[in-house]
Amino acid sequence: MSKIHNFSAGPAILPQEVIQNCSDAILNFAGTNLSLIEVSHRSKEFVAVMDEARSLVKKIMKLGDDYEVMYLQGGASMQFVMTAMNLLETKAAYTKTGTWAKNAIKEAQAFGKVDVLGSSEDKNFSYIPKDFVISEDYDYFHCTSNNTISGTQMQTFPVCPTSLVCDMSSDIFSRDLDFSQFDLIYAGAQKNMGPAGTTLVVVKKSILGKVSRHIPTILTYQTHIDKESMFNTPSVFAVYGCLQTLKWIDKQGLSNIEKINTDKANLLYNAIDGNDSFEGTTATEDRSKMNVTFVLKDDTKNAAFLDACAEAKINGIKGHRSVGGFRASMYNALGLESVQALVDVMNKF
Ligand SMILES: *Cc1c(COP(=O)(O)O)cnc(C)c1O
């Protein structure tokens, strides 16, 4: 297999050893002589996978027994619904920082009053709004830590006198945070923690069970907590892939991963800033280390630049259809050498 520099936004690059372990398990799972995708999710071998995938998240996040970890289906988009359904009694506060935040707000509005405390829609989501105060009479405050499409990232989180809920789909496990400041974290696996098909939810137990509406069994967090993410058949393959990625993360530690991600981001942003042909599209202090968005000042050269990237085996650079330009997604598994390959093309261009 020839090496492709994979800058895809999601589903996205995974560590080579994760892909190798997944392929091994497809052929022979845990010495059972059965494939991972043909064994019962109730087999002791798979129950062990699920248990470890749940406990390793808490270990890496340094969270205690007051938190629960779930692997659910329906993507982060389902969490836009489930968070509101399970937590919103009267009113909630949101920031509107991108397409995904907008979708989250839209879903929450079906369950109660939603106040948008900060929005960057006026400038095409190119910055993170910061001038707002969260009052304690909100049921929760919801934010998106990293805006995958526009390329902004929250560098700090606001002081929050109510429950802090965060969509971390595109920067989960990319940096060392105090995870205990969050009451609920969710992330579709396919950006930075595994194959598509499962969604990680981490919740502080004490915030649950407070709304009065009837919630369907499968959409109630407590159901999945009680059944240890086995209420119904889980995404066996995706959870296995997540466990392999979590082991890879745990070996390195989040602070080492963060250092490498910072080096990668500095390398690319310096190349953008130092090259007259290119321009970043987001506020400097809010720049994402995961999804770097930029444009060519002369956009008649876009196709030629994409050709030059393809020539250098660089994949997935085209910007999201809603914003245009270019986007380099640099998730954990992408090596510095891949960023260097892109920088080389930019410098030559
Ligand atoms: C990709 C993404 C989503 C949507 O995820 P699905 O799993 O496809 O529903 C939500 N939020 C953010 C920040 C994302 O990057």
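Below, the discussion takes up the site of the ligand. Around the ligand sit 13 residues, and of these Ser77, Thr148, Asp167, Gln190 and Lys191 come closest. Measuring from an oxygen atom of the ligand, one finds a side-chain N or O atom of threonine 148 at 2.4 Å. Within the side chain of aspartate 167, a nitrogen or oxygen atom sits 2.6 Å from a nitrogen atom of the ligand. Here the ligand loses 88% of its free accessible area of 390 Å² to cover by the protein chains. Grouping the constituent residues of the shell around the ligand by class yields three nonpolar, eight polar and two charged.

Grouped together as the largest cluster of nonpolar side chains are 52 residues, with contacts concentrated most on Tyr71 and Phe173. With sequence-adjacent residues up to four places away left out, phenylalanine 173 is seen in contact with Val57, Ile60, Met61, Asn192, Met193, Leu200, Leu246, Ile249, Leu254, Ile257 and Asn332.

We now examine the sheet that holds strand E10 (residues 199-204). Ordered by their spatial adjacency, seven strands build an open sheet running E2-E10-E9-E8-E5-E3-E4, and the pairing between neighbours is mixed. The sheet is open, and its two borders are formed by strand E2 (67-72) and strand E4 (113-119), each paired with just one other strand. Across this sheet, the average inter-strand angle for adjacent strands is 15°, counted without regard to direction. Bridge analysis of strand E9 (residues 184-188) against E10 gives five bridges, and the strand direction is antiparallel. Pairing of tyrosine 186 across the sheet is with valine 201, part of E10. In the packing of helix H4 (residues 99-108) onto the sheet, the strands contacted are strand E3 (91-96), E4, strand E5 (140-144) and strand E8 (163-167), and the crossing angle to E3 comes to about 160°.

Attention shifts here to the packing of aromatic side chains. Counted according to the given criterion, the structure contains 11 aromatic pairs. Between the aromatic rings of phenylalanine 29 and tyrosine 240, the centroid separation amounts to 5.8 Å while the plane-to-plane angle is 85°, which identifies the pairing as edge-to-face. One end of the pair, phenylalanine 29, is in the loop between helix H1 (16-27) and helix H2 (44-61); the other, tyrosine 240, is in helix H6 (residues 236-252), and 211 residues separate them in sequence. Taken together, Phe278, Phe294, Phe305, Phe326 and Phe349 form an aromatic cluster joined through their ring pairs. It is lysine 91 that lies over the ring of tyrosine 138; its NZ or CZ is 4.6 Å from the centre. Geometry around tyrosine 127 places lysine 123 over its ring, the cationic atom sitting 5.9 Å from the centre.

The next thing to look at is the domain arrangement of the protein chain. How large an interface is tends to be reported as the accessible area lost when its parts come together. Assigned domains within the protein chain: domain 1 (16-252) and domain 2 (253-348). When each unit is reduced to the centre of its C-alpha atoms, the spacing between domain 1 and domain 2 is 26 Å. Facing the 28 residues of domain 1 at the interface are 27 residues of domain 2. Between domain 1 and domain 2 lies a buried interface of about 2200 Å² when both sides are counted; carbon and sulfur atoms form 51% of it. The largest per-residue losses of area from domain 1 upon contact with domain 2 belong to Ile149, Gly151 and Gln252, which jointly make up 25% of the total buried on that side. Taken together, the links from domain 1 to domain 2 amount to two salt bridges. Between aspartate 286 and lysine 130 there is a salt bridge whose closest N-O contact spans 2.8 Å. At the junction of domain 1 with domain 2, the criterion picks out 17 residue pairs in polar contact (both at pLDDT 80 or more). Counting only elements with at least two residues in the side of domain 1 that touches domain 2, the list comes to strand E7 (152-153) and H6. Tallying contributions element by element places H6 first for the side of domain 1 that touches domain 2, with five residues. Of the residues that constitute the side of domain 1 that touches domain 2, the class distribution is nine nonpolar, 12 polar and seven charged.

This part is about the pattern of salt bridges. Applying the stated criterion across every chain, the model contains 16 salt bridges. Across the salt bridge formed by glutamate 45 and lysine 44, the nearest N and O atoms sit 3.2 Å from each other. By relative accessible area, lysine 44 is classed as exposed at 66%. In this structure, the salt-bridge partner of glutamate 52 is lysine 247, at a minimum N-O distance of 3.9 Å. Taken together, the residues span a long stretch of sequence, with glutamate 52 in helix H2 and lysine 247 in helix H6 at a distance of 195 residues. Judged by its relative accessible area of 34%, lysine 247 is partly exposed. Here the salt bridges do not stand alone but share partners, grouping Asp51, Arg54, Glu68 and Lys205 into one network.

Conventions adopted
- Residues numbered from 1 in each chain as written.
- Predicted model: local features only at pLDDT ≥ 70, side-chain atom pairs only at ≥ 80, totals over all residues.
- Heavy atoms only, no water.
- Near = heavy atom within 4 Å.
- Polar contact = N/O pair within 3.5 Å; in protein donor to acceptor, adjacent residues only side chain to side chain.
- Areas by Shrake-Rupley, 256 points an atom, 1.4 Å probe, with all protein chains shown as cover.
- Nonpolar A, V, L, I, M, F, W, Y, C, P; charged D, E, K, R; others polar.
- Core = buried A, V, L, I, M, F, W, Y, C linked by side-chain atoms within 4.5 Å.
- Buried < 20%, exposed > 50% of the residue type's maximum accessible area, 1.4 Å probe, protein only.
- Contact = heavy atoms within 4.5 Å.
- Pairing = 2+ DSSP bridges.
- Helix = DSSP H or I, 4+ residues; strand = E, 2+ residues; numbered from the N terminus.
- Axes fitted to C-alpha atoms, helices over the stretch in contact; angles between N-to-C directions.
- Phe/Tyr/Trp six-rings, centres within 6.5 Å; stacked < 30°, edge-to-face > 60°.
- Lys NZ or Arg CZ within 6 Å of the ring centre and 35° of its normal.
- Domains from an automatic or database assignment.
- Buried area = accessible area lost by both parts, 1.4 Å probe.
- Salt bridge = Lys/Arg side-chain N within 4 Å of Asp/Glu carboxyl O.

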